[in-house]
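Summary of the model geometry
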Amino acid sequence: MNAPFRVALSGDFRKADGSPVYPDFDLEPLRKAPNVEFAYLEPRNPVEAGQIEDFDALILLGHRFTKDSIHPNGRLAVVARFGVGYDTVDVEACTKAGIALAITPDGVRRPVAVSIITFILALSGKLMMKDRLTREGAAGFARRGDHMGLGLVGRTLGSIGIGNIGAELFRLIKPFEMKLIAHDPVADKKLAGGLGVELVQLEDVFRRSDFVSVSCPLTPQTRHLVNAGRLALMKPTAYLINTARGPIVDQNALTKALEERRIAGAGLDVLEKEPPDADDPILKLDNVILAPHALCWTDQCFAGNGAADVRAVLDVRNGREPRVVVNREVLETAAWKNRLAGFRKRFPA
Ligand SMILES: NC(=O)c1ccc[n+]([C@@H]2O[C@H](COP(=O)([O-])OP(=O)(O)OC[C@H]3O[C@@H](n4cnc5c(N)ncnc54)[C@H](O)[C@@H]3O)[C@@H](O)[C@H]2O)c1
């Protein structure tokens, strides 16, 4: 009998008591696949090389995977990120080691786009303030006229990034009859045109939008892309929404702009430091709505990410390329092709 194809799941899929954090994540396809075993790693962050020595595949939640996570025995063939952000993974080191990095755009596309719309609706409707007013009773009701919301028809929604999530946001927001603009250095012009999105310069997204939404990856080029200078271009009535990654926004500059009421408010699912320090001044502000990097977490989001990752690792076990690979250059190497051929030989269909 051939040695089994072994799949590791990063330690953060389980609580300290060993119970699963996300029960809706369906592992049945791994259980049913012949000659496949899986196991949870101890919660080590970053993942340690010794932990993955005996595994062919790793399903990786939030833990980091660095160059030191790679075992020199060369057994690991694929890291399947549970989500689409991969700033926690050393992609270059994976590529050098012949490890494919798979991600799950199908799992997050709708849930994150819905999170952005949740922020747009909550901010424009002053939902948090109205909740507080109601709890104050008569005194709160008496002040409700001071908190008019912002109607959305004809208002401008600008996205930094029109990729998987940015495009879905524009698809879903259509019935709200907003003007749609976006900046993306590699925008698909046909896609943008089809969605009725005007492609503009980065600065124009800040100048023109009533809602600026961030949907680009965190890279050295996008770190602090939303800085004091660009925040200063925003209208005083405009809102900033970030569901991408915290460090894309200079949080000190944003906190200052919010404190000084130079913009109307913000919706942030992500922060520069997660979790934030207890004395982080952003926690004191009443013109920001915060979420703990989990606004998109729904049963369907986890089921979708899990299904995509399970499919990706089983694809490799079956000697096929996973559907969405970040470091596609790996797939062209002789080492990778030999590796897949090896799996096909080990596990004939
Ligand atoms: N909050 C969450 O739980 C959560 C969940 C999923 C994804 N995310 C984040 O959302 C990001 C976007 O996800 P996606 O699936 O849409 O990725 P994607 O790769 O499909 O799209 C990102 C787009 O951003 C563009 N971009 C790159 N640099 C840019 C720049 N300087 N200015 C403007 N656009 C730029 C890219 O060209 C691309 O079109 C991810 O990188 C991830 O960090 C967050």
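Above this text is the structure in question.
Described in the following lines is the structure provided in the data block.

**Notes on unusual backbone geometry**
Peptide bonds are trans in most cases, and residues, glycine excluded, mostly fall at negative phi. Following Asn 45, the chain continues into Pro 46 via a peptide bond in cis, with omega recorded as 0°. Here Pro 46 shows up in the loop between β2 (36-40) and α2 (49-52). Residue Pro 275 follows Glu 274 across a cis peptide bond; omega there is -10°. Among the structural elements, Pro 275 can be located in the loop between β11 (265-268) and β12 (288-290). Backbone geometry places Asn 35, a non-glycine residue, at a positive phi of 60°. Examined against the element boundaries, Asn 35 turns out to sit in the loop between α1 (28-32) and β2. Located in the positive-phi region is Lys 126, a residue other than glycine, with phi close to 55°. Checked against the element boundaries, Lys 126 lands in the loop between α4 (105-124) and α5 (127-135).

**Quick word on the packing of aromatic side chains**
For any two aromatic rings, the description comes down to two numbers: the centre-to-centre distance and the angle of the planes. Applying the stated criterion across every chain yields a total of nine aromatic pairs. For the pair Phe 13 and Phe 82, a centre-to-centre distance of 5.2 Å together with 80° between the ring planes defines the contact as edge-to-face. You can see Phe 13 sitting in the loop between β1 (5-9) and α1 and its partner Phe 82 sitting in the loop between β4 (78-81) and α3 (91-96), a full 69 residues away along the chain. Phe 82 matches Phe 13 in its accessibility class, with the two residues each being buried. Ring pairing ties together the aromatic residues Phe 13, Phe 25, Phe 82, Trp 297 and Phe 302, which thus form one cluster. For Arg 6, the ring lying beneath its charged end belongs to Phe 55, and the centroid distance is 4.4 Å.

**Quick word on helix α12 (residues 299-317)**
Under the 1.5 Å per step criterion, the end-to-end length of α12 is 27 Å for 19 residues, consistent within 8% with the ideal 27 Å. Once α12 finishes, Gly 319 follows within two positions and takes phi at roughly 80°, a positive value.

**Some words on the side chain of Arg 245**
Locating Arg 245 in the fold gives a position in the loop between β10 (239-242) and α11 (251-259). A distance of 2.9 Å separates the side chain of Arg 245 from the side chain of Asp 87, its partner in a polar contact. Every residue in contact with Arg 245, bar those within four places of it in the chain, is listed here: Arg 81, Gly 85, Asp 87, Leu 218, Val 270 and His 293.

**Here's the deal with the sheet that holds β11**
Reading across from one edge, β8-β7-β6-β9-β10-β11-β12 is the order of the seven strands in this open sheet, with parallel pairing throughout. Lying at the two open borders of the sheet, with one neighbouring strand each, are β8 (198-199) and β12. Across four bridges, the pairing between strand β6 (residues 156-160) and strand β9 (residues 211-214) is parallel. Following the sheet pairing, Leu 157 is matched in β9 by Phe 211. Helix α7 (residues 164-173) rests against β6, β7 (179-183) and β9 of the sheet, and its axis sits at about 165° to β6.

**Points about the site of the ligand**
Taken together, 25 residues are adjacent to the ligand, and Asn 164, Ile 165, Asp 184, Thr 243 and Asp 269 come closest. Here an oxygen atom of the ligand sits 2.6 Å away from a polar atom, N or O, in the side chain of Asp 184. Protein burial of the ligand: of its 860 Å² of free accessible surface, 82% is covered by the chains. Broken down by secondary-structure element, the contributors of at least two residues to the shell around the ligand are α4 and α7. Looking at the shell around the ligand residue by residue, the class counts come to 13 nonpolar, nine polar and three charged.

**Side note on the environment of Leu 133**
Locating Leu 133 in the fold gives a position in helix α5. Given a relative accessible area of 3%, Leu 133 falls into the buried group. With 99 residues separating them along the chain, Leu 133 and Ala 232 place their C-alpha atoms 30 Å apart. Those residues in contact with Leu 133 that lie beyond four places of it in its chain are Gly 140, Phe 141, Arg 143, Arg 144 and His 147.

Definitions and cut-offs
Residues numbered from 1 in each chain as written. Predicted model: local features only at pLDDT ≥ 70, side-chain atom pairs only at ≥ 80, totals over all residues. Heavy atoms only, no water. Helix = DSSP H or I, 4+ residues; strand = E, 2+ residues; numbered from the N terminus. Phe/Tyr/Trp six-rings, centres within 6.5 Å; stacked < 30°, edge-to-face > 60°. Buried < 20%, exposed > 50% of the residue type's maximum accessible area, 1.4 Å probe, protein only. Lys NZ or Arg CZ within 6 Å of the ring centre and 35° of its normal. Expected span 1.5 Å × (residues − 1). Polar contact = N/O pair within 3.5 Å; in protein donor to acceptor, adjacent residues only side chain to side chain. Contact = heavy atoms within 4.5 Å. Pairing = 2+ DSSP bridges. Axes fitted to C-alpha atoms, helices over the stretch in contact; angles between N-to-C directions. Near = heavy atom within 4 Å. Areas by Shrake-Rupley, 256 points an atom, 1.4 Å probe, with all protein chains shown as cover. Nonpolar A, V, L, I, M, F, W, Y, C, P; charged D, E, K, R; others polar.

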